Amino acid sequence: MRYLTAGESHGPQLTAIIEGVPSNLPLSIEKINEQLLRRMKGHGRGRRMQIEKDQVKIVAGVRHGKTTGAPICLVVENKDWTHWQTIMSPEPVDEGEDKRRVSRPRPGHADLNGALKYNQRDMRNILERSSARETAIRVAVGAVARQLLEQFDITVAGHVLRIGEVQAKPVDVSLEEMIRITEESPVRCLDADAAKRMMDLIDKAKADGDSLGGVVEVRAEGLPVGLGSHVQWDRKLDGRLAQAIMSIQAFKGVEIGIGFEAAARPGSQVHDEIILDEQGNYSRKTNRAGGLEGGMTTGMPVVVRGVMKPIPTLYKPLNSIDIDTKEPFAASIERSDSCAVPAASVVAEAVVCWTLADALCEKFAGDSLEEMKANYDKYNRHVEEF
Ligand code: EPS
């Protein structure tokens, strides 16, 4: 499977074209919209989220509730577009018109590098596309992938582990429980006490004109053994998951299983002993590897964490250089989120759903869902008998 997105933050819409989804997959628009709504929520979001009402339109590849095998085209409109029609017009506009030209690069954004690279004296041409608004359509794409995973009883859920200096206590819960608790939490955190402190910290950052980052974790259960491969660098599933997480705007790090902690432990406390479970199937005593060994799934839950830096759009100014005057100035903005970590955990789920669904399609390749399921059943019998 593959997909591309297009669209600017204040343009008319975000668009995705997905190719390679098997035919006959039941696809519910409501389920996509549920995911879009989850992404819009979260303590620390700014005023833009009061303008948007993200809803998907499926304009190709789905008929009477099922995929046809043709490319799927998804659209999410930007309601804010009504205020930006001239500023973002694809047609030339008159000299006198307000183009909201950006000549002052914001530290931490794509503005300056992109302007130099693409030879843009108006950095709006960079920031409109680098904006995390694009994650709305990626969540829609992830929601399609999630519906394919559901056909194979694979569940993906995420939660927030840290915001700024507040670290949640580890809580051992089932995925169902995780989903129930995080849906009720304004910061998508399992630890209620930490959640309260996270919200206080966000309120303080907002009052100070500052922003906060954090750590999110995504878990996936129900995966068959052997998705991904050890044989080539670009087929290793851990590498592909890392790329997917790192491609989310503002993400600066990724871990799988115990991750960076492995550096501090001896090997005997890192690797997972191989056992037979009650049904006589191969399993692991522990899951420190986060469900991945040799670039392949082990059948244990996949556990991936990502670090999001604080959003660089600050009310509190940072120093920069105006590209017209070459004079220093203090960068400041009018509107931003103070913390988007809870929303980012939904985006992280979406990109993990995509990567796992892509690996599932490779392993059980079939043009229709029925063909894929037949391949899956055959492989499962092989694994059971091995
Ligand atoms: C973003 C800046 C803000 C956020 C936006 C991401 O938008 P604006 O500049 O219009 O105030 O609200 O996020 C979204 C619109 C969204 O849907 O998540 C940025 O610069 O990345």
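Residues numbered from 1 in each chain as written. Predicted model: local features only at pLDDT ≥ 70, side-chain atom pairs only at ≥ 80, totals over all residues. Heavy atoms only, no water.

Colleague: Mind showing me how you'd approach the packing of aromatic side chains here?
Modeller: Aromatic ring pairs are described here by two measures, namely the spacing of the ring centres and the angle between the planes. Tallied over the entire structure, the rule returns four aromatic pairs. Measuring from ring centre to ring centre gives 5.2 Å for Phe364 and Tyr376, while their planes differ by 80°; the resulting arrangement is edge-to-face. Here Phe364, found in the loop between α9 (341–363) and α10 (369–385), pairs with Tyr376, found in helix α10; they are 12 residues apart in sequence, far enough to count as distant. Judged by its relative accessible area of 15%, Tyr376 falls in the buried class. When the ring centre of Phe329 is taken as origin, the NZ or CZ atom of Arg104, which lies over that ring, is 4.2 Å away. (Phe/Tyr/Trp six-rings, centres within 6.5 Å; stacked < 30°, edge-to-face > 60°. Helix = DSSP H or I, 4+ residues; strand = E, 2+ residues; numbered from the N terminus. Buried < 20%, exposed > 50% of the residue type's maximum accessible area, 1.4 Å probe, protein only. Lys NZ or Arg CZ within 6 Å of the ring centre and 35° of its normal.)

Colleague: It is not clear to me how the nonpolar core should be interpreted in this structure. Could you clarify?
Modeller: Residues Leu74, Ile163, Met198 and Leu356 are the most contacted members of the largest nonpolar core, which totals 77 residues. By residue number, the principal contributor to this core is α9, which donates 15 residues. Other than its neighbours up to four places away in sequence, Leu356 contacts Leu149, Val156, Ala220, Leu223, Leu227, Leu237 and Leu241. If you look at the next biggest cluster of nonpolar residues, it comprises five residues, including Val102, Ala115, Met123 and Ile323. (Core = buried A, V, L, I, M, F, W, Y, C linked by side-chain atoms within 4.5 Å. Contact = heavy atoms within 4.5 Å.)

Colleague: What should I look at first to understand the site of the ligand in this one?
Modeller: Residues in contact with the ligand, as listed here, are His10, Arg39, Arg45, Arg48, Met49, Ser131, Ala132, Arg133, Arg335 and Asp337. One nitrogen or oxygen atom from the side chain of Arg45 is found 3.1 Å from an oxygen atom belonging to the ligand. One nitrogen or oxygen atom from the main chain of Ala132 is found 2.8 Å from an oxygen atom belonging to the ligand. Relative to its free-state accessible area of 470 Å², the ligand is covered by the protein chains to the extent of 86%. (Near = heavy atom within 4 Å. Polar contact = N/O pair within 3.5 Å; in protein donor to acceptor, adjacent residues only side chain to side chain. Areas by Shrake-Rupley, 256 points an atom, 1.4 Å probe, with all protein chains shown as cover.)

Colleague: Would you mind going over the UniProt feature "binding site: NADP(+)" (unreviewed entry) in the protein with me for this structure?
Modeller: Within the UniProt annotation, "binding site: NADP(+)" (unreviewed entry) is assigned to Arg39 and Arg45. When its relative accessible area of 4% is taken as the criterion, Arg39 is described as buried. If sequence neighbours within four positions are ignored, Arg39 has contacts with Arg45, Met49, Asp54, Ala132, Arg133, Thr135, Ala136, Val139, Ala343, Val346 and Val347. Structurally, the position occupied by Arg45 is in the loop between α1 (29–40) and α2 (48–51). Once you skip the residues sitting within four places of it in the chain, Arg45 turns out to touch Arg39, Met40, Asp337, Cys339, Ala340 and Ala343. Of note is the side chain of Arg45, whose polar atom sits 3.3 Å from the backbone oxygen of Arg39. (UniProt positions renumbered as here; feature names shortened; annotations may be inferred.)

Colleague: What's the story with a negative patch on the surface in this structure? I'm lost.
Modeller: A contiguous patch of negative charge on the surface is contributed by Asp94, Glu95, Glu97 and Asp98. Classification of Glu97 by relative accessible area gives partly exposed; the value is 38%. (Patch = residues over 30% accessible without salt bridge, like charges linked within 9 Å, V, L, I, M, F, W, Y side chains within 5 Å. Salt bridge = Lys/Arg side-chain N within 4 Å of Asp/Glu carboxyl O. Lys, Arg positive; Asp, Glu negative; His and termini not counted. Charge placed at Lys NZ, Arg CZ, Asp CG, Glu CD.)

Colleague: Just checking my understanding: could you explain the pattern of salt bridges for this structure?
Modeller: Taken as a whole and assessed by the stated rule, the structure comprises 34 salt bridges. Across the pair Arg48 and Glu52 runs a salt bridge whose closest N-O atoms are separated by 2.8 Å. There is no split in this pair, since Arg48 and Glu52 are both buried. For Asp191, the salt bridge is made with Lys169, and the minimal N-O distance between the two is 3.8 Å. On the criterion of sequence distance, the pair formed by Asp191 in the loop between α6 (175–184) and α7 (192–207) and Lys169 in the loop between β8 (166–167) and α6 is long-range, its members being 22 residues apart.

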